Amino acid sequence: MSDQNWISHFTGLAHLPPDVLASLVTASRVVHLPAGTRIFGPGQAPDAFLLLIRGTVRVQQVSDSGREIVLYRVSAGESCALTTACLMGYEDYLAEAVSETEVDAVAIPRATFDDLIARSPDFRRFVFTAFSRRVTDLFRIIDEVAFSRVDVRLAQRLLERANAQGHIDLTHQQLASELGTAREVVSRQLTEFQRRGWISTSRGAVDILNSEGLRLLATAP
């Protein structure tokens, strides 16, 4: 992928003025990252604004004790809100991002990002719209962690992550990171779900046997 072919993946950029579009395409580059790449981490300063063309990136917070919580995922057609915030605030990252799959992304250098933010209302609108949407998602996550029952959130997450056959390739620790809780809490809940006949578990995986039972719990107040 070269020239401005990647622009078509981001509808908000398609109608930029020709001079702005030319600056964006000329300065940017498409990068490929294998699965499992640590894209950034705490203490690092962002040097580019990334737009995802293909793949999924997980953004997570890791405490000093090693406990993890998944803040959000960046998918094709999206940008990373934390990178946006750090670029605009001239701050270092406080979390880390890891590619969950192979990733193709557009890297817009910081100097170009700063220039276009300053002189293009259309580019600002594109950046801020994506940023505000992600901030709303983060408030939802905070609300869930603080106030929602773990069993309800676990049922929701199992249904979200299951493939067409009801299979989920996640360990108890990974599920705990998804929910922002302890592995022991997730293990107890999975044992209860298995006792009810809703799931079966194996090493590093969960299979849904009764999706209706999980759905009823997932929609509980």
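What this report covers is the structure whose coordinates are included nearby. What you are looking at is a predicted structure, and each value in this text was computed from that prediction instead of being measured. (Residues numbered from 1 in each chain as written. Predicted model: local features only at pLDDT ≥ 70, side-chain atom pairs only at ≥ 80, totals over all residues. Heavy atoms only, no water.)

## Re the sheet that holds strand β8 (residues 167-168)
Let me state the cut-off plainly: Whether two strands pair comes down to DSSP finding at least two bridges between them. Secondary structure is summarised from DSSP: a helix means a run of H or I of at least four residues, a strand means a run of E of at least two, and numbering begins at the N terminus for each.
With respect to topology, three strands assemble into an open sheet ordered β8-β10-β9, the strand pairing being antiparallel. Looking along the sheet, the strands with just one partner apiece sit at the ends: β8 and β9 (199-202). Note: β8 against strand β10 (residues 205-208), two bridges, orientation antiparallel. Directly across from I168, in β10, lies its bridge partner V206.

## Observations concerning the packing of helix α6 (residues 172-179) against helix α7 (residues 183-195)
The test is simple: Axis lines are fitted through C-alpha atoms, for helices just across the contact stretch, and the angle between N-to-C directions can take any value from 0 to 180 degrees. To sort the angles, those under 35 degrees are grouped as roughly parallel, those over 145 as roughly antiparallel, those from 65 to 115 as roughly perpendicular, and the leftovers as oblique. Only heavy atoms matter for contacts: two residues are in contact if any of them lie within 4.5 Å across the pair. Here the nonpolar group is Ala, Val, Leu, Ile, Met, Phe, Trp, Tyr, Cys and Pro; Asp, Glu, Lys and Arg are the charged ones; every other residue, Gly included, is treated as polar.
In the contact formed by α6 and α7, the axes pass within 8 Å of each other and the chain directions differ by 110 degrees. Overall, the two elements α6 and α7 adopt an arrangement that is roughly perpendicular. Two secondary-structure elements touch here, α6 through H172, Q173, L175, A176 and L179 and α7 through R183, V186, S187 and L190. Residue composition of the contact of α6 with α7, by class: five nonpolar, three polar and one charged.

## Details of α6
This is how it is decided: Relative accessibility under 20% of the residue-type maximum defines a buried residue, over 50% an exposed one, and the middle range a partly exposed one, all with a 1.4 Å probe and only protein chains included.
Among the residues of α6, L175, A176, S177, E178 and L179 are the ones counted as buried. A positive phi of about 70 degrees marks G180, the residue just after α6.

## Observations regarding the side chain of T83
This is how it is decided: Counting of polar contacts relies on pairs of N or O atoms within 3.5 Å, with two restrictions inside protein: one atom must be capable of donating a hydrogen and the other of accepting it, and residues adjacent in sequence are counted only when both atoms are side-chain atoms.
In this structure, T83 sits in helix α2 (residues 81-89). For T83, a relative accessible area of 3% translates into the label buried. At 2.8 Å, the side chain of T83 forms a polar contact with the side chain of Y93. Setting aside residues up to four positions removed in sequence, T83 forms contacts with F40, P46, A48, F49 and Y93.

## Some remarks on the pattern of salt bridges
Quick reminder of the rule: Here, a salt bridge means any Lys or Arg side-chain nitrogen found within 4 Å of an Asp or Glu carboxyl oxygen.
Per the stated rule, a full pass over the model turns up 18 salt bridges. Note that R38 and E96 form a salt bridge whose closest N and O atoms lie 2.9 Å from each other. Linking R38 in strand β2 (residues 38-40) with E96 in strand β6 (residues 96-99), this pair joins segments that are 58 residues apart in sequence. E96 sits in the buried class, given a relative accessible area of 13%. R54 is the partner of D104 in a salt bridge, and the nearest nitrogen-oxygen pair spans 2.9 Å. You can see D104 sitting in strand β7 (residues 103-109) and its partner R54 sitting in strand β3 (residues 48-54), a full 50 residues away along the chain. R54 gets classed as partly exposed once you look at its relative accessible area, which sits at 37%. Salt bridges here are not isolated pairs; linked through shared partners, they connect R58, R73, E100, R157, E160, R161 and E178.

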